[in-house]
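Analysis of the macromolecular model
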Amino acid sequence: MVTGTVRVVEGETRARRFPGRAGFAADGVGESFEAGGTAVPEVRCVKELHG
């Protein structure tokens, strides 16, 4: 089994819709990255891939 992962910025509703349409779902794991001295929270979305 292979799992695909997409990370999106937490507050970006439109950006989160794209992986949702492709079958990815938030799994509750989040991290932050720094951009311009500001912490930007992100959400991890995962999907089981078949191939």
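Heads up: these notes are all about the structure in this document.

Cut-offs used in this document
- Residues numbered from 1 in each chain as written.
- Predicted model: local features only at pLDDT ≥ 70, side-chain atom pairs only at ≥ 80, totals over all residues.
- Heavy atoms only, no water.
- Pairing = 2+ DSSP bridges.
- Helix = DSSP H or I, 4+ residues; strand = E, 2+ residues; numbered from the N terminus.
- Axes fitted to C-alpha atoms, helices over the stretch in contact; angles between N-to-C directions.
- Contact = heavy atoms within 4.5 Å.

What follows covers the sheet that holds strand β1 (residues 2-9). The antiparallel open sheet is built from 3 strands, whose spatial order is β1-β3-β2. This sheet does not close on itself; its edge strands, each paired only once, are β1 and β2 (25-35). On average, each strand axis in the sheet is inclined to that of its neighbour by 30°, with strand direction left out of account. Its contacts with the sheet place helix α1 (residues 13-21) against β1, β2 and β3 (38-49), and it is angled at close to 165° to β1.

Our next topic: the environment of Gly37. If you trace the backbone, Gly37 turns up in the loop between β2 and β3. Along the chain, Gly37 and Val9 lie 28 residues apart, while their C-alpha atoms are 16 Å from each other.

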